[in-house]
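# Structural overview for review
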Amino acid sequence: MELLITYDVDTTTPAGERRLRRVAKACEAYGLRVQKSVFEVVCSDVQWQLMRHRLLGIIDPDHDSIRVYRLHAGTFSGAQHLGHSPPAPHDTPLIY
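Residues numbered from 1 in each chain as written. Predicted model: local features only at pLDDT ≥ 70, side-chain atom pairs only at ≥ 80, totals over all residues. Heavy atoms only, no water.

The name that an unreviewed UniProt entry assigns to the chain is CRISPR-associated endoribonuclease Cas2, with the source organism given as Saccharopolyspora cebuensis. Quoted verbatim from the Cofactor (unreviewed entry) heading of the UniProt record, the comment on the chain is "Mg(2+)". (UniProt positions renumbered as here; feature names shortened; annotations may be inferred.)

## Some thoughts on the pattern of salt bridges
Following the criterion strictly, the structure yields 4 salt bridges and no others. Between aspartate 64 and arginine 19 there is a salt bridge whose closest N-O contact spans 2.6 Å. One end of the pair, aspartate 64, is in the loop between helix 2 (45–58) and strand 4 (65–71); the other, arginine 19, is in helix 1 (residues 14–30), with 45 residues separating them in the sequence. Overall, the relative accessible area of 7% leaves aspartate 64 in the buried class. Linking arginine 70 and aspartate 45 is a salt bridge whose minimum nitrogen-to-oxygen distance equals 3.7 Å. (Salt bridge = Lys/Arg side-chain N within 4 Å of Asp/Glu carboxyl O. Helix = DSSP H or I, 4+ residues; strand = E, 2+ residues; numbered from the N terminus. Buried < 20%, exposed > 50% of the residue type's maximum accessible area, 1.4 Å probe, protein only.)

## Thoughts on the sheet that holds strand 4
Taken together, the 4 strands give an open sheet; going across it, the order is 2-3-1-4, and neighbouring strands pair in antiparallel fashion. At either end of the open sheet lies a strand with only one pairing partner, and these are strand 2 (31–35) and strand 4. The average undirected angle you get between the axes of adjacent strands in this sheet is 25 degrees. Of the pairings in the sheet, the one linking strand 1 (residues 2–8) to strand 4 comprises 7 bridges and is antiparallel in character. Of the residues in strand 4, the one forming a bridge with glutamate 2 is leucine 71. Across the face of the sheet, helix 1 comes into contact with strand 1, strand 2, strand 3 (38–42) and strand 4 while running at roughly 120 degrees to strand 2. Along the sheet, helix 2 contacts strand 1, strand 3 and strand 4; its crossing angle with strand 4, the most-contacted strand, is approximately 170 degrees. (Pairing = 2+ DSSP bridges. Axes fitted to C-alpha atoms, helices over the stretch in contact; angles between N-to-C directions. Contact = heavy atoms within 4.5 Å.)

## Here's the deal with the side chain of arginine 19
For arginine 19, a relative accessible area of 13% corresponds to the buried category. The contacts of arginine 19, once residues within four sequence positions are left out, are Val9, Asp10, Ile58, Ile59, Asp60, His63 and Asp64.

Right, dumping it as structure tokens:
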């Protein structure tokens, strides 16, 4: 499955800044950062459930927001890139 994940974490407090870093690290574990708070993720249903559980354990639902868009397979490969935005290498391993 292909997911587009965006997040907005309240960073007005030191705790919020820590949550922001933790959300980014969690997303980096599963996908590729394509913009500051936007990740493209290719994963299985099980991996998504694990990631979702991890993210829910990090955020403060009263102050933070994560949006997840489930896309059709192949959507990432058909994305248009304008400006300095190289295509993300989804068909290569995340760990080398």
